[in-house]
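If you want the building blocks of each chain, they are given just below.
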Amino acid sequence: MAVVTQSAMTAEPSVTSPKMTARDLNLFYGDNQALFDVNLDIVERQVTALIGPSGCGKSTFLRCMNRMNDTIDGVTIKGKVTLDDRDIYDKAIDVVQLRARIGMVFQKPNPFPKSIYDNVAYGPRIHGLVNSRDELDEIVMTSLERAGLLKEVKDRLPEPATGLSGGQQQRLCIARAVAVSPEVILMDEPCSALDPIATAKVEELIDELRSNYTIVIVTHSMQQAARVSQRTAFFHLGKLVEVGETDQIFTNPKDERTKGYITGRFG
Amino acid sequence: MTDMASLMEDRAAAKVISGNLHTPVDWDSPKLARNIKKRYAAERRFKIYGLSAIAIALLALVVLGYSIISKGYSAFFQTYVQMEIFFDPAKIDPDGTGDPAIIGRANFDGLIRDALSKQFPEVSGRSERRDLYDIVSGGASYDLRERVLENPSLIGQTRKVWLISGDDFDMLNKGYISANTDEGDRRLNDQEVGWYNTLVSQGSVEKQFHTRFFTNGDSREPELAGIWGAAVGSFYTLVVTLILSFPIGVLAAIYLEEFAPRNRFTTIVEVNINNLAAVPSIVFGLLGLEVYLNVMHLPRSAPVVGGLTLALMTLPTIIIASRAAIKAVPPSIRQAALGLGASPVQTVTHHVLPLAMPGILTGTIIGMAQALGETAPLLMIGMVAFIVDIPGGALDPATVLPVQIYLWADSPERAFVEKTSAAIMVLLGFLILMNGLAVYLRKKFERKW
Amino acid sequence: MSLTYLLLAVALLCAVSFYFGRQRAVALSNGRYSNLHSLPAHYGMYTALWCGLPALGLLLVWMMFEGTIIQTMIVADLPEEVTSNSGLLSLALNSISQIAAGGGEHLTVSPEIVEAGHRLANLNTIANAALIVVMVSVALVGLALSYRRISSEMRARNNVERLFRYIMIVCSAIAILSTVGIVFSLLFEALHFFGKVSPLDFLFGLEWSPQTAIRADQVASDGAFGAIPLFVGTLLITLIAMFVAVPVGLFSAIYMGEYASPKFRAVAKPALEILAGVPTVVYGFFAALTVAPFLRDNGAVLGLDVSSESALAAGLVMGVMIIPFVSSLSDDVMSQVPKSLRDGSYGLGATKSETIRHVIFPAALPGIVGAVLLAVSRAIGETMIVVMAAGLAANMTVNPLQAVTTVTVQIVTLLVGDQEFDSAKTLSAFALGLLLFLITLGLNVFALKVVQKYREKYD
């Protein structure tokens with residue numbers, strides 16, 4: 001088994017100039033280790049899908065990439081995560097800026113109890129990215145358009161965001177993330193709370209966003225991973241088992257565990 | 001960099017952002033760096049606000065505690081004066097009968113006055129004499145009588161006896177009345193201070209532990225006033241409260257949680273309980289005054305009326321706590337009992353109630369602690385009367401600790417300030433004890449299902 | 001203490017009935033309990049309940065009406081000139097009960113009163129004896145009847161359980177009864193009062209000085225019963241209290257919930273709760289003897305004329321009392337804001353304080369408003385602090401350095417001490433009580449609704 005893993009890792013050559021990397025990443029919740037020596041490269045302007053059975057550490061890993069785990073008590077992290085070759089856990093790195101550069105979209109749509117406009121404007125406002133109301137308007141409009149939501153909400157910007165449908169809410173959250181011009185967008189099962197039609201729309205959106213942003217998406221659905229991603233990483237029991245081109249992972253997995261998961265023998 | 005230049009640069013940076021969303025923001029631009037600095041400063045300020053809020057609250061607690069302890073600790077000690085008392089047979093038992101009835105009626109005050117006059121023979125004139133006699137408390141003669149009744153052989157002898165001092169003398173000895181202030185500004189004149197100094201130089205003044213404070217009832221004389229009467233009154237009141245509110249509260253909670261159908265009646269009961277919990281306590285006092293005293297003609301000032309009134313106030317607390325405790329018992333336990341053929345009532349009494357009991361008891365103790373500290377409603381039903389006797393039962397006129405505190409706080413004598421603070425310390429002691437017990441119960445029986 | 005003995009006697013009878021009922025069931029079972037419908041203990045409980053409950057019910061009814069009936073009988077025999085004047089009547093009744101209790105030798109009263117006193121003593125003795133006889137016989141009858149009904153087919157358990165259920169319903173109904181009792185007792189006396197003073201004068205009058213003439217021919221002011229100054233005073237003190245309690249309570253809740261380390265919380269939270277457990281009379285003492293003199297002396301240093309019963313002292317201390325109330329309620333409310341909203345904000349790079357100010361606080365605002373309203377209602381109804389630290393004179397002022405009086409202070413002053421029961425002065429306390437009850441009730445109902453609605457939103 002170990003030999004297979006080794007060969008899997010070597011078979012996947014480390015990509016040249018990755019946007020983000022993880023090196024020997026270990027994570028502990030108190031005394032429980034949740035991630036074991038994860039090494040992964042994220043390619044710029046591609047969608048990387050993280051798949052694996054529940055509790056395998058894929059969401060935990062995702063939250064390491066913009067230091068969201070900092071907000072949880074009792075978490076210790078060893079190893080290195082870089083963004084443009086700089087360690088994001090370095091003391092000199094400012095979390096607030098980091099999270100603006102690496103946006104995040106969550107499992108359940110979580111619009112703030114504010115108007116649609118204020119939801120999108122929240123990020124640019126707190127980060128002081130604009131000087132005038134006109135600029136803010138422009139950012140809000142562009143972001144909504146980019147999230148494919150502008151047509152639907154153009155006339156109801158001052159209305160509360162909680163009045164939108166689930167799919168619209170999730171696209172609003174994507175617009176909210178886009179509004180601060182992130183370089184990377186992390187998505188934690190963004191479609192798990194949505195119906196199939198809304199899911200299709202969001203997937204379409206992810207594909208469009210790829211041209212401008214580097215995207216990492218955690219997903220439960222292998223079909224989704226196959227549809228939206230260019231690269232796929234398979235996690236199992238806190239370890240990264242295999243990573244490679246999505247086509248290769250789904251058609252010709254090198255690891256027995258990956259094969260077992262993809263063919264539905266466990267998961 | 002001049003302001004103008006920085007402004008230009010800001011504009012330029014902003015243009016880039018709005019013009020092209022996916023161009024990365026230049027986080028190192030001076031404008032955004034300044035912005036970050038400002039945001040972290042705001043963060044620190046906000047944190048400091050929170051910390052100072054807690055500091056203010058804790059400071060208030062410390063000041064409250066300090067002001068009460070610093071005012072009150074001295075009340076646990078009382079100044080005593082040593083006098084050479086001649087147990088004059090002519091005054092105590094002129095016929096030498098040895099009959100306790102005759103001895104008991106003797107003028108022991110006279111003995112003390114003789115002793116005082118002998119000590120300060122230069123004092124003459126009525127008002128000066130009265131001042132002199134005020135050195136010793138009116139209660140000292142009772143002590144002497146006890147002493148003689150216990151040991152009749154004292155008659156005819158001369159003994160040095162420690163006598164409880166009057167309140168002003170006590171205040172002077174404790175330093176609450178300063179001898180350095182102007183004569184007109186203090187309750188004791190220069191002559192009285194002189195007597196004090198003489199007695200001190202003779203070693204005839206000392207402070208002893210003040211047991212009377214714990215064993216006496218109320219009195220107009222601060223040095224004779226004690227909290228025992230109020231404590232007993234509080235005890236009877238709480239017993240009545242507990243007897244009424246505990247069974248009623250627990251039964252109501254069981255009904256609402258386990259049996260009540262979802263109907264109008266249940267809704268009305270629930271709304272009522274929630275609202276009763278927030279009705280001002282004084283309104284319960286008005287209810288007690290009208291219903292128990294004016295309609296039912298129960299005795300005024302009696303612990304039973306106080307208990308009835310406080311029971312209504314405590315009920316919501318007990319019901320709400322009991323319901324929470326019953327709700328916390330997992331349904332699987334009920335299903336197991338019902339599955340074995342137990343009736344719903346048996347299920348509750350045999351299984352649910354024992355498991356919920358710690359929670360119910362905790363809630364009850366907290367409710368009782370509230371009742372113990374309650375004052376306003378008891379004022380309404382006449383428990384503010386000045387009562388010297390220790391109540392012998394729930395129907396005797398009585399007062400309770402918090403009301404005693406209120407009464408003493410209103411008294412003009414300086415010495416009552418320390419008594420009030422000391423009574424507060426005792427009351428708080430009881431409350432800490434009760435709440436500590438509640439916390440202990442909760443910790444001990446805490447269960448995670 | 002005859003009541004205690006009576007209750008003990010009934011308890012003893014119940015125990016005896018339990019024994020007899022159980023014995024009879026055991027006898028009927030022929031040694032096999034499965035021959036019985038219920039367990040023997042159920043039969044015992046059945047007889048015990050039938051023995052005890054009717055007797056206790058009777059006692060309750062008796063105690064409610066005994067006083068009134070006896071008094072009516074006594075009053076009926078008193079001469080016309082006494083009964084027609086309420087003041088004289090209450091004086092006479094007082095003397096009569098003193099004489100009946102065996103005292104009153106020092107009283108100088110007419111022979112009719114003395115006779116009535118003896119009659120009252122007589123009646124009391126008779127009533128006591130009658131109560132004992134009637135109660136014991138009711139208990140015995142209950143015992144006998146239920147004992148005879150015991151048979152092996154009788155569904156004793158169902159009977160007992162049904163009874164148990166009724167008892168529980170009665171216990172639950174007590175919550176309703178107390179509300180009804182409050183409303184009626186306040187309304188009854190308040191209506192009396194409004195018969196003497198017009199409700200309009202009461203609600204909108206600007207002057208409060210409740211003196212009434214003691215004798216009919218006395219030249220004295222009729223007294224003015226305008227409640228506005230009292231409400232101005234109450235609101236002033238409440239406002240000061242809120243100025244302390246809301247920011248301090250809110251910020252401590254925020255710090256405890258969002259910033260504090262578990263260790264810090266474990267110490268600071270119980271310490272804050274101590275503030276809530278301190279009896280109000282202690283706060284009153286603190287306000288009157290520590291805070292008020294402190295303010296007065298420091299005011300004097302600054303050249304301000306601070307009254308020694310200033311609204312400021314009472315308000316500040318009341319604010320301290322309410323801090324833990326506001327803090328625990330808003331802590332509750334804010335911890336109900338879903339974690340996903342926090343994550344969303346942190347994920348965008350917001351700092352903690354930005355998240356709190358821009359996301360959590362607005363989301364929790366309705367709940368916090370509800371909490372503050374509950375706190376206001378509590379401040380309005382608070383009695384001891386103001387009784388001890390606020391003034392008695394009804395000044396119409398919003399200057400916190402001056403003395404004002406409050407609704408609760410007036411209720412206490414009007415009702416504590418000797419009172420003639422029918423005077424407008426005494427009755428006005430009930431009218432004030434009614435108003436106080438209605439205002440706090442309205443605030444509570446509204447606040448609870450707001451909080452409830454808020455909870456549903458995030459459930």
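Computed from a prediction, not measured in an experiment: that's the story for all the values here.

Conventions used here
Residues numbered from 1 in each chain as written. Chains lettered and ligands numbered in written order. Predicted model: local features only at pLDDT ≥ 70, side-chain atom pairs only at ≥ 80, totals over all residues. Heavy atoms only, no water. Helix = DSSP H or I, 4+ residues; strand = E, 2+ residues; numbered from the N terminus. Rg over C-alpha atoms; globule rule 2.2 N^0.38 Å. Buried < 20%, exposed > 50% of the residue type's maximum accessible area, 1.4 Å probe, protein only. Contact = heavy atoms within 4.5 Å. Areas by Shrake-Rupley, 256 points an atom, 1.4 Å probe, with all protein chains shown as cover. Lys, Arg positive; Asp, Glu negative; His and termini not counted. Charge placed at Lys NZ, Arg CZ, Asp CG, Glu CD. Buried area = accessible area lost by both parts, 1.4 Å probe. Salt bridge = Lys/Arg side-chain N within 4 Å of Asp/Glu carboxyl O. Polar contact = N/O pair within 3.5 Å; in protein donor to acceptor, adjacent residues only side chain to side chain. Nonpolar A, V, L, I, M, F, W, Y, C, P; charged D, E, K, R; others polar. Pairing = 2+ DSSP bridges. Axes fitted to C-alpha atoms, helices over the stretch in contact; angles between N-to-C directions. Parallel < 35°, antiparallel > 145°, perpendicular 65-115°, else oblique. Disulfide = S-S within 2.5 Å. Domains from an automatic or database assignment. Left-handed = near helix turned anticlockwise from the far one by under 90°. 1 Å grid on protein atoms, 1.4 Å probe; cavity = no way out; pocket = protein on both sides within 12 Å on 5 of 7 lines; lining within 4 Å. Points joined across faces, edges and corners; volume = space filled by probe spheres on them.

### A few points about the overall build of chain B
Here's step 1: Along its length, chain B carries 19 helices and three strands.
Here's step 2: Taking 2.2 N^0.38 as the reference for a compact globule, 449 residues should give roughly 22 Å; the C-alpha atoms of chain B span a radius of gyration of 34 Å, well beyond that estimate.
Here's step 3: Taken along its principal axes, the extent of the C-alpha atoms in chain B is 115 × 85 × 40 Å.
Here's step 4: Out of the 449 residues in chain B, the part that is buried amounts to 51%.
Here's step 5: In chain B, once contacts between residues fewer than 6 apart in sequence are set aside, the share between residues at least 24 apart is 76%.
Here's step 6: When the accessible surface of chain B is summed, it comes to about 20700 Å², and 59% of that surface belongs to carbon and sulfur atoms.
Here's step 7: For chain B, the separation between the mean place of its 41 positive charges and that of its 43 negative charges on side chains is 13 Å.

### A few points about the interface of chain B and chain C
Here's step 1: Every contact between the two is made by 77 residues of chain B and, on the other side, 85 residues of chain C.
Here's step 2: Summed over both sides, the interface between chain B and chain C buries roughly 6800 Å², with carbon and sulfur atoms accounting for 78% of that surface.
Here's step 3: Our enumeration of links across chain B and chain C arrives at one salt bridge.
Here's step 4: Arg39(B) is the partner of Glu354(C) in a salt bridge, and the nearest nitrogen-oxygen pair spans 2.7 Å.
Here's step 5: Taken together, chain B and chain C are joined by eleven residue pairs in polar contact (both at pLDDT 80 or more).
Here's step 6: No other element matches the 21 residues that helix H2 (residues 30-72) of chain B contributes to the side of chain B that touches chain C.
Here's step 7: The residue inventory of the side of chain B that touches chain C, partitioned by class, reads 57 nonpolar, 14 polar and six charged.

### What about the interface of chain A and chain C?
Bring the parts together and some accessible area is lost; that lost area is often taken as the interface size.
Here's step 1: With 22 residues of chain A at the interface, the matching set in chain C holds 18 residues.
Here's step 2: Summed over the three residues of chain A that lose the most area to chain C, namely Pro113(A), Tyr122(A) and Ile126(A), the buried surface amounts to 30% of that side.
Here's step 3: Where chain A touches chain C, the interface holds one salt bridge.
Here's step 4: The residue Asp343(C) makes a salt bridge to Arg63(A) at a minimum N-O spacing of 3.8 Å.

### Structural notes on the sheet that holds strand S2 (residues 158-164) of chain B
All names here are of chain B.
Here's step 1: Strand order in the open sheet formed by three strands is S2-S1-S3, with antiparallel pairing between adjacent strands. Edge positions in the sheet fall to S2 and strand S3 (205-209), since each of these pairs with one other strand and no more. With strand direction ignored, the average angle separating the axes of adjacent strands in the sheet is 40°.
Here's step 2: As judged from the seven bridges shared by strand S1 (residues 77-86) and S2, these two strands associate in the antiparallel manner. Pairing of Val 81 across the sheet is with Leu 163, part of S2.

### So, the packing of H2(B) against helix H10 (residues 280-301) of chain C
Here's step 1: The geometry of H2(B) relative to H10(C) is characterised by a closest axis approach of 11 Å and an angle of 75° between their N-to-C directions. Between H2(B) and H10(C), the angle falls in the class roughly perpendicular. Residues Val63(B), Leu64(B), Ser67(B), Ile68(B) and Lys71(B) of H2(B) form the contact with H10(C), whose participating residues are Val282(C), Tyr283(C), Phe285(C), Phe286(C), Leu289(C) and Thr290(C).
Here's step 2: Looking at the contact of H2(B) with H10(C), its residues break down into eight nonpolar, two polar and one charged.

### Structural notes on the state of the cysteines
Here's step 1: Per the stated rule, a full pass over the model turns up zero disulfides over all chains.
Here's step 2: With no disulfide of its own, Cys191(A) has Cys173(A) as its nearest cysteine by sulfur position, at a separation of 12 Å.
Here's step 3: Look at Cys191(A) and you get buried, because its relative accessible area is 7%.
Here's step 4: You can see Cys51(C) has no disulfide; the closest cysteine sulfur is in Cys14(C), sitting 4.4 Å from it.
Here's step 5: Classification of Cys51(C) as buried rests on a relative accessible area of 0%.

### What to know about the domain arrangement of chain B
Residue and element names in this part refer to chain B.
Here's step 1: For chain B, the assigned domains are domain 1 (2-72), domain 2 (75-215) and domain 3 (228-445).
Here's step 2: The distance between the C-alpha centroids of domain 1 and domain 3 comes to 48 Å.
Here's step 3: Taken together, the four residues of domain 1 in the interface contact six residues of domain 3.
Here's step 4: Here domain 1 and domain 3 share an interface that buries about 430 Å² over both sides, 79% of which is from carbon and sulfur atoms.
Here's step 5: If you sort the residues of domain 1 by the area they bury against domain 3, Ile 68, Lys 71 and Gly 72 come out on top, with a joint share of 89%.
Here's step 6: In this assembly, domain 1 and domain 3 are joined by zero salt bridges.
Here's step 7: Considering only residue class, the side of domain 1 that touches domain 3 consists of two nonpolar, one polar and one charged.

### Re the packing of helix H8 (residues 228-259) of chain C against helix H9 (residues 262-277) of chain C
Residue and element names in this part refer to chain C.
Here's step 1: Contact pair H8 / H9: the axes reach a minimum separation of 10 Å and the direction vectors enclose 150°. In terms of axis orientation, H8 runs roughly antiparallel to H9. Between H8 and H9 the crossing geometry is left-handed. Contacts from Ser 252, Tyr 255, Met 256 and Gly 257 of H8 reach H9 at Phe 264, Arg 265, Ala 268, Lys 269 and Leu 272.
Here's step 2: In terms of residue class, the contact of H8 with H9 is built from five nonpolar, two polar and two charged.

### Overview of empty space enclosed by the protein
Residue and element names in this part refer to chain B.
Here's step 1: Applying the stated criterion across every chain, the model contains three cavities of 30 Å³ or more.
Here's step 2: Approximately 40 Å³ is the volume found for the largest cavity.
Here's step 3: Forming the boundary of the largest cavity are Ser 234, Thr 237, Leu 238, Leu 310, Ala 371, Leu 372, Glu 374, Leu 378, Val 400 and Pro 402.
Here's step 4: When contributions to the lining of the largest cavity are tallied by element, the ones reaching two or more residues are helix H11 (228-259) and helix H16 (344-373).
Here's step 5: No other element matches H11, which puts three residues into the lining of the largest cavity.

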